[in-house]
Protein chains: 4
Amino acid sequence: MDFRSDNVASAAPEIVDAVAESARTTATPYGGDPWTEGLEPAFSELFETEVKVFPVMTGTAANSIAVATLTPPWGVIYAGRAAHVENDECGAPEFMTGGAKVTGIDERFGKIVPDALEAALAAAGTGEVHWSQPACLSVTQSTEMGQIYTPDELAVLTGIARRHGLAVHMDGARFANAVAGSGLSPADLTWRAGVDALSFGATKNGALAAEAIVLFDCARAGDLAFRHKRAGQLLSKMRFVSAQLAAYIADGLWLRLAERANAQAQRLAAGLEAVPGASLAAPAEANELFVTLPRPVIDGLAEAGALFYSWPETDPATTTIRLVTRHDTTDADVDALVETAHRLASEAA
Amino acid sequence: MDFRSDNVASAAPEIVDAVAESARTTATPYGGDPWTEGLEPAFSELFETEVKVFPVMTGTAANSIAVATLTPPWGVIYAGRAAHVENDECGAPEFMTGGAKVTGIDERFGKIVPDALEAALAAAGTGEVHWSQPACLSVTQSTEMGQIYTPDELAVLTGIARRHGLAVHMDGARFANAVAGSGLSPADLTWRAGVDALSFGATKNGALAAEAIVLFDCARAGDLAFRHKRAGQLLSKMRFVSAQLAAYIADGLWLRLAERANAQAQRLAAGLEAVPGASLAAPAEANELFVTLPRPVIDGLAEAGALFYSWPETDPATTTIRLVTRHDTTDADVDALVETAHRLASEAA
Amino acid sequence: MDFRSDNVASAAPEIVDAVAESARTTATPYGGDPWTEGLEPAFSELFETEVKVFPVMTGTAANSIAVATLTPPWGVIYAGRAAHVENDECGAPEFMTGGAKVTGIDERFGKIVPDALEAALAAAGTGEVHWSQPACLSVTQSTEMGQIYTPDELAVLTGIARRHGLAVHMDGARFANAVAGSGLSPADLTWRAGVDALSFGATKNGALAAEAIVLFDCARAGDLAFRHKRAGQLLSKMRFVSAQLAAYIADGLWLRLAERANAQAQRLAAGLEAVPGASLAAPAEANELFVTLPRPVIDGLAEAGALFYSWPETDPATTTIRLVTRHDTTDADVDALVETAHRLASEAA
Amino acid sequence: MDFRSDNVASAAPEIVDAVAESARTTATPYGGDPWTEGLEPAFSELFETEVKVFPVMTGTAANSIAVATLTPPWGVIYAGRAAHVENDECGAPEFMTGGAKVTGIDERFGKIVPDALEAALAAAGTGEVHWSQPACLSVTQSTEMGQIYTPDELAVLTGIARRHGLAVHMDGARFANAVAGSGLSPADLTWRAGVDALSFGATKNGALAAEAIVLFDCARAGDLAFRHKRAGQLLSKMRFVSAQLAAYIADGLWLRLAERANAQAQRLAAGLEAVPGASLAAPAEANELFVTLPRPVIDGLAEAGALFYSWPETDPATTTIRLVTRHDTTDADVDALVETAHRLASEAA
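Residues numbered from 1 in each chain as written. Chains lettered and ligands numbered in written order. Predicted model: local features only at pLDDT ≥ 70, side-chain atom pairs only at ≥ 80, totals over all residues. Heavy atoms only, no water.

**Re the sheet that holds strand S13 (residues 320-324) of chain C**
All names here are of chain C.
Next, step 1: With respect to topology, four strands assemble into an open sheet ordered S10-S11-S13-S12, the strand pairing being antiparallel. Lying at the two open borders of the sheet, with one neighbouring strand each, are strand S10 (279-280) and strand S12 (309-310).
Next, step 2: Pairing of strand S11 (residues 288-292) with S13 involves five bridges; the strand directions are antiparallel. Of the residues in S13, the one forming a bridge with phenylalanine 290 is arginine 322. (Pairing = 2+ DSSP bridges. Helix = DSSP H or I, 4+ residues; strand = E, 2+ residues; numbered from the N terminus.)

Structure (C-alpha cells):
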C-alpha cells in the first residue's frame, strides 16, 4: 500500500529493455547516437510541430534550465505557490537563471488564478529598474493537486502572459497523466495553448530517470545547449536517457502507463468517497488524490502499513492526505487501502 | 514642496567640506587612507563594541552584500513584504548571494509580525534538501512606513531568528531617524537586540553618497572584503566615501540632521491631522508620514506643485499618500503643504 | 576499429543487470533506497576510511560540484592546461562556484609540473583583495595523456597545495585505469596522498551513466548536498545511478574492466611501436595511447575506417593521434589497427 | 615623491566645485537630475556619435558590467595577460557574467599580440558545446605599460574580433592619457576603430570617484541598466557622480589634466634615461614609466622616501620599477627623483 508518490515507481519493462539494448554496442558520445538523433523527429511528430529536445536526468534540471532559457537574471518567474519551481527545487531556478526571482501566485487546486496573475503583473513595475522584471509564467500540468488545465484555461493564462511580454513554461512532470486524463492531444495542451517550453516528464511514469526539455519556440534554443552542458546534464552516453524517452513515447506506451495510474486514482476515489466522514479535497482528474478523512482512519491506515503523506505536509493539524497512484499500482493495493479505511471508519463510529 | 523622498535631499555642508578637504592631497588608495582607517575605531566607539566597517556607495550594495555574507546560495532571506531587499533592489540580493530566495513576511506598518515569521519558519523544511534553507532575517529600521522597532520588538524577532539558526541583518537606510526618534543608543537598537550586520545609511540623511556595512559579528567578515571588491564597491579613492561617513558621525552631526527631518514630520503630522477628512495611516515616528486624504485634496496638492507619491504606488485607487521629510525640509514647505491642504479641504466641503 | 574515446563504450552486463534488477520494484525516492544507502559503507570499505558519496550523472557534474565545494566564488582553481575542469566543461566550474577562476598550469604528459604550480602560487597575491584567491588544486588521475601519478608525485603536489592553504580535488574519470595500472590501492592514490575530494568515474569504464563525488574531508560535506540538488543531480529514482555504482565496485568488477582496457592499450602500444616511423608521444600507462605516425599511415588508417582523434585536436598539422582503449575493445580491433598500420607504413616506404 | 599610481591623486578643484554645487539643492533621484540627464548629450558630442552612458563608481564596476553586457555566462573574454579584467578585479568579470572565462593573451608592452589572439581563437572550439565560447575582446587604452594603441593597431585587433563574432570592450581607465598622448579624437580611438563599449575613466585623472560605461553599440543597452542596478551602482543621488563626469569633460578639462600627467612622465623619462645603468623597459607614451635601474639606485630611492612599485610586483628579483605620474605630480617631485637617482648611480659607480 505505497501511495507516497509516483517517483517510487518501478520502471516499465519496455524501457528497461530499451536501455539494455542501447548498452550492447558502442555509440557516438554526447548525443551523436541514433537514439538521441531520433528524438527530435519523434517528438516533432508527437507534438505535430517542429520542436527542439534536450534530454535531462531530473525534473529539477528540466524546470530550472527551461525557465533559465526564458528568464534573464533580473527577471521574475510567476508560478503557483505550490509549484515545484517555487517550492521544491532548493532554489535551482534562482541558481540557473543567475539570480531571478520566483513569485508564488494564488492557485485553486494547483491552477493559477488568472485574476491573481493579473494583479501581480499590474503591480510588477514593468520597466522600472528597481524591480525585477516580469519574464516568465510557469504552469504545472497536471497540477500539484491532480487537476488538468483545459486548453481554454491555459489560453486565459498564456494570453495574460503574452500581453505582458512573458514567455510560458509548463512543468509537465505528470504531463502524461494530463494527456491521458483529458483525452486531448499533446499539441492542444501545449503550444496551441501558448506554451513555449515544456518539461516533459517520464521518470514518474515508468522511466528509470529521464525527462526532456521540449522547446516549441525553437528560436530560443540558442543558449539552451550551453546551459544544459554547464548544468552537467550533457551525458557522454546520452543514449541511456534517449533510449528511455524513445521507448516511452513509442507506440503510445507513455499513455498506456498513465492511463493505468489515472484509472487507479479513479478506483481509489470511488472507494474512499464512500467511507463515512470522507470527502475529496479536490476533484480527482489525474493520478493524485487529496482526501479528507477522520483522524482515526488516517492513523489506522498508517498503522496498517499504508504509505502516504499528509497535506499540506508542514501542517501538523491537517486531516487531509495525499495519495498518488502509479502505472504499477495494483488493484490489490487499492482494494486493501479502501477496505482498511472502511473498516477503520466503522470501528471509529 | 518636495516630499517625494529623502533621497532628493541636498548634502550637508559639513559633509561636502569633508570631501573637499580629503580631495586636496594624495592618499594611499583602496582604503589605506586616514579617513578610511579611522572608520573602524570611530564606529566601534559609536556602537560601544568592536565592529568591522565596509563603506559602499548605495543602499542596494550595502543590503545585498550584507545579506550575501549571511546567506548561502541555497538560503532563504526573510524580510517584510515591502522591505527593500524584497522589493526594490531588482534582485540584487538574489544576484549577490548566487541564487538565494527572498521571502516576504507579513508586516504591520513595516514591522515584521512575529507570528508570521514563526509560521514561515515552521513551514520552511529546515534540513530538507528540496527546499532553500532558512538563513537570514532582514529587518528595516526605521521601517518603510516610518515606524521604529523598540529593542523589545527587535528582541522578539531576533530571538525567533536565533532559535532557527538565522543570522540577522538590519537595513538601516534610515537608521539615523530611528536613533534620533527613539532616543536610544545605536548599540541598543542593533547588536544588543541581536543584529549581526547593519546597513548604516547616510545618503538619505545628508551625505553625498555613502553607506556603510557595519558587521557586529566580526567573525563573519572573512569573505565580505572579497564580495565588496567583486561588486565594484572598493573605490581606489575610498577616502571620498570614508570622509563622508567620518564627518557624518562626528560630533553627532548625523543625529542633528535626523532630528530635523523627524521634527518636520511631526509638524506635518500635526498640521495634516487637523485637516477635515484626513487621518494618519500609520503613527509618525521617524521622517515618513502616511496620510489618508480626500481625493480632491490629494489632486489639489499635486496641482499646487507639491511633490509626493501615492501609496501603495501600484494601487491607482488609493487615497493615501506618502510624505517624506528631510534634514533640509524647510518650515516654509511644511507650512505651505499644510495650509494648502486645509484650503483644499474647506473648498471641497 | 573505434578508438575515439572510452565514452563510446558499451555497458558491462553486470551493470545493466543491476539496473534492471533495481527497476523491478518500488523504492523510496531521493536516495532513501537500499542501493544508495549501501554506497557509503561500500565506498568507505573500498577506500579504507570513512567517506561521503554523492552519485551524479556526468563527469561535468562531478568535477564542477566537487570543486565548487572546495572553492569560494572569489577562489582560483589550479589545474593542468589540458584538464577537463579547465578545458572541457564549458565553464561549468566557473558557473557552479559562482564565478571562480580556473588557472591552467604547465603539465608534462598531463601531470602538473610542481615548479609551475609553485610559481603560480608565488605570484598569486594571497590575501590581496584585488586578486582571486588560491583555493583548490585539481589533478587528473589517470591523466589526460594516459599517465598515472605515483603517490610520491601526488604528495609533492598536494604538499605544495597544503602549504598554500589549497584543498585538493582529483578528477578520476579514469580512476579505475589508474588503480588497475598502478596496482596500488584506491586509498594510496587519494586521501593518503592528500586528496580531499574525488570525482570517481564509472561511465567511461562500463557503467551506463554514473559517477560519484567521494569526499574524504567529510567536514566539507555540509553544503555539497545542496549544490548537488541545485545542479539537478539529485534523482528521484537515485537507485538507477546507485545500482550502477554498487555493481561497479562489487567483487572488483571495476578493476577487471579497467585491466582489460589497459591491457589492450599495451597490446596496441607494442604493435604500433614496431611500425616504421612510429613513436609513442607519451609512455602508455593506462588506456590512452598517443602515437606519432607518418602522415600517410594516419590518413590510411582513417580511410580504412579506423576511428580516432588527432592530437592536439585543434592543430591541423599534427601527426600525433590519440587512441583510447576500452573494457570492450576487442583483440580483433587492436590487431586490425596494428596490421593496417604496418601495411600502410610499408606501402609508404 | 609619490609615484605609486595615479589613483593616489588629489581631485581637480573644478570637479570638487561641481560636486559641491550639485550638493546645494534637492534633485530627482536615480539619475533624473540635470547633471545625469546632460551626460548622454555631452558624451555623444564628445564622441561624435550617439552613445549611452552609465555612471559608476569604480573601474571594477565599469569593466565588469561592460563585459557582462557583451558576454554570455558561457562566453570567453580575451584580454591581455596583465589587463585589469584578467588580473586585478578579484574575479568580478566572472561574477558579473555569471561564470564566463577570462583568457589572458600574450601582449607586448600591454598591447595584445594579434597573432596570439588569432591563435587563441583558432583553438577556441567555436560552436563546440564543451568549450566556453569566444564572446568578447577587451583591450586597455592606454595600456597597463603606458603605451597607446594607434587606430590601425586597434583595427587589426577589432577586425580579428569581428571575424570571430566577438564584441569589443576597451578598458579606458587611462583613456584621457591616450587621447592626450596621441592627439587623436575620442572617436578615432574607440568606435571608429571597432570598439563597442568603453570604460571611460575619470578617477585616476582628477575625479573624486567617477567612471562611465560608454556604449557605442546602443542596441546592446537593453540589459545594462538592470546589471548596473543589481551591482549596486545606481546611486539615488546619482548627480554626485554625474557632476564629476560633466565637469571632467567640460571645456577640455580632462585633456588638460592628462596632458600634465603625460608631460611629467616625459620629463621623468628624459631625466632617468640619462642615469648610468638605466634603461626604459617600454617606450613612455602616456603617464606610466617602466625603467630598469641598478639595484642600489632602486634601494636608495626607496630609502630616500620615493614611493613606487617594482615590476612585475610578484618578482622579487626584478630591477625594473613602475613610476606613474598624475595631473598633480609636481616638477619638484620629478626633479627630486631624477636628481636622487643620478646621485645614487654615481655613488654606486
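There is more to say, and it comes next.
**Let's talk about the packing of helix H3 (residues 39-47) of chain B against helix H11 (residues 239-249) of chain B**
All names here are of chain B.
Next, step 1: Viewed as axis vectors pointing N to C, H3 and H11 meet at an angle of 30°, and their least axial separation amounts to 11 Å. Classed by the angle they form, the pair H3 and H11 counts as roughly parallel. In this structure, H3 meets H11 at a crossing whose hand is left-handed. The segment H3 lies against H11, with Leu39, Ala42, Phe43 and Leu46 engaging Ser242, Leu245, Ala246 and Ile249.
Next, step 2: Partitioned by chemical class, the residues of the contact of H3 with H11 number seven nonpolar, one polar and no charged. (Axes fitted to C-alpha atoms, helices over the stretch in contact; angles between N-to-C directions. Parallel < 35°, antiparallel > 145°, perpendicular 65-115°, else oblique. Left-handed = near helix turned anticlockwise from the far one by under 90°. Contact = heavy atoms within 4.5 Å. Nonpolar A, V, L, I, M, F, W, Y, C, P; charged D, E, K, R; others polar.)

**Here we look at helix H1 (residues 13-22) of chain C**
Next, step 1: Three or more residues of H1(C) are buried, namely Ile15(C), Val16(C), Ala18(C), Val19(C), Ala20(C) and Ser22(C).
Next, step 2: Among the structural elements, helix H1 (13-22) of chain A together with helix H2 (34-37), helix H11 (239-249) and helix H12 (253-273) of chain C are those in contact with the buried residues of H1(C). (Buried < 20%, exposed > 50% of the residue type's maximum accessible area, 1.4 Å probe, protein only.)

**A short note on the interface of chain A and chain C**
Next, step 1: If you look at the interface, chain A gives 49 residues, while chain C gives 49 residues.
Next, step 2: Together, the buried faces of chain A and chain C total about 3,800 Å²; carbon and sulfur atoms form 58% of this surface.
Next, step 3: When residues of chain A are sorted by the area they lose upon contact with chain C, Phe95(A), Arg230(A) and Lys237(A) head the list and together hold 19% of the total.
Next, step 4: On the surface where chain A and chain C come into contact, there are two salt bridges.
Next, step 5: As a salt-bridge pair, Lys229(A) and Glu89(C) come within 3.7 Å of each other at their nearest N and O atoms.
Next, step 6: Counting only elements with at least two residues in the side of chain A that touches chain C, the list comes to H1, helix H4 (59-70), helix H6 (92-97), helix H10 (224-230) and helix H11 (239-249) of chain A. (Buried area = accessible area lost by both parts, 1.4 Å probe. Salt bridge = Lys/Arg side-chain N within 4 Å of Asp/Glu carboxyl O.)

**Focus: the confidence of the model for chain A**
Next, step 1: Looking at chain A as a whole, its pLDDT mean stands at 96, while 100% of the residues score no less than 70.
Next, step 2: The ipTM, which scores confidence in the relative placement of chains, is 0.96 for this predicted complex, and the corresponding pTM is 0.97. (pLDDT = per-residue confidence, 0-100.)

**Some thoughts on the packing of aromatic side chains**
Next, step 1: What the rule picks out here adds up to 50 aromatic pairs over all chains.
Next, step 2: Relative to Trp254(B), the ring of Tyr248(B) lies with its centre 6.2 Å away and its plane at 50°, an arrangement referred to as tilted. Each member of the pair, Tyr248(B) together with Trp254(B), is buried.
Next, step 3: Through a chain of ring-to-ring contacts, the aromatic side chains of Phe43(A), Phe47(A), Phe175(A), Phe200(A), Phe216(A), Tyr248(A) and Trp254(A) assemble into a single cluster.
Next, step 4: For the cation-ring pair, Arg108(D) lies above Phe109(D), with the distance from its terminal atom to the ring centre recorded as 4.7 Å. (Phe/Tyr/Trp six-rings, centres within 6.5 Å; stacked < 30°, edge-to-face > 60°. Lys NZ or Arg CZ within 6 Å of the ring centre and 35° of its normal.)

**Topic: the environment of Ala62(A)**
Residues and elements named next belong to chain A.
Next, step 1: Take alanine 62: it is sitting in helix H4.
Next, step 2: A C-alpha to C-alpha distance of 26 Å links alanine 62 and phenylalanine 308, two positions 246 residues apart in sequence.
Next, step 3: Apart from the residues lying within four places of it in its own chain, the contact partners of alanine 62 are Val56, Ser199, Glu211 and Ile213.

**What about the interface of chain D and chain A?**
Many structure descriptions define interface size as the accessible area lost when the parts assemble.
Next, step 1: In this complex, chain D contributes 17 residues to the contact, which on the side of chain A involves 17 residues.
Next, step 2: Together, the buried faces of chain D and chain A total about 1,500 Å²; carbon and sulfur atoms form 69% of this surface.
Next, step 3: Summed over the three residues of chain D that lose the most area to chain A, namely Trp74(D), Phe226(D) and Arg230(D), the buried surface amounts to 45% of that side.
Next, step 4: In this structure, the connection of chain D to chain A is made through zero salt bridges.
Next, step 5: Our count for the chain D to chain A interface comes out at eight residue pairs in polar contact (both at pLDDT 80 or more).
Next, step 6: With five residues, helix H10 (residues 224-230) of chain D is the single largest residue contributor to the side of chain D that touches chain A. (Polar contact = N/O pair within 3.5 Å; in protein donor to acceptor, adjacent residues only side chain to side chain.)

**Remarks on the pairing of strand S7 (residues 167-172) of chain B**
All names here are of chain B.
Next, step 1: Of all six residues in S7, six are buried, a share of seventy percent or more.
Next, step 2: Side chains of S7 alternate between two faces, with Ala167, His169 and Asp171 and Val168, Met170 and Gly172 buried alike.
Next, step 3: Across five bridges, the pairing between strand S6 (residues 133-140) and S7 is parallel. Looking across to S7, one finds that valine 139 is bridged to methionine 170.
Next, step 4: Each parallel crossover has a hand, and the one from S6 via helix H8 (residues 151-163) to S7 is right-handed.
Next, step 5: With four bridges connecting them, S7 and strand S8 (residues 197-201) associate as parallel partners. For aspartate 171, the partnering residue across the bridge sits in S8 and is serine 199.
Next, step 6: Regarding topology, helix H9 (residues 175-182) serves as the crossover connection from S7 to the parallel S8, and that connection is right-handed. (Right-handed = clockwise from strand over helix to strand, strands pointing away.)

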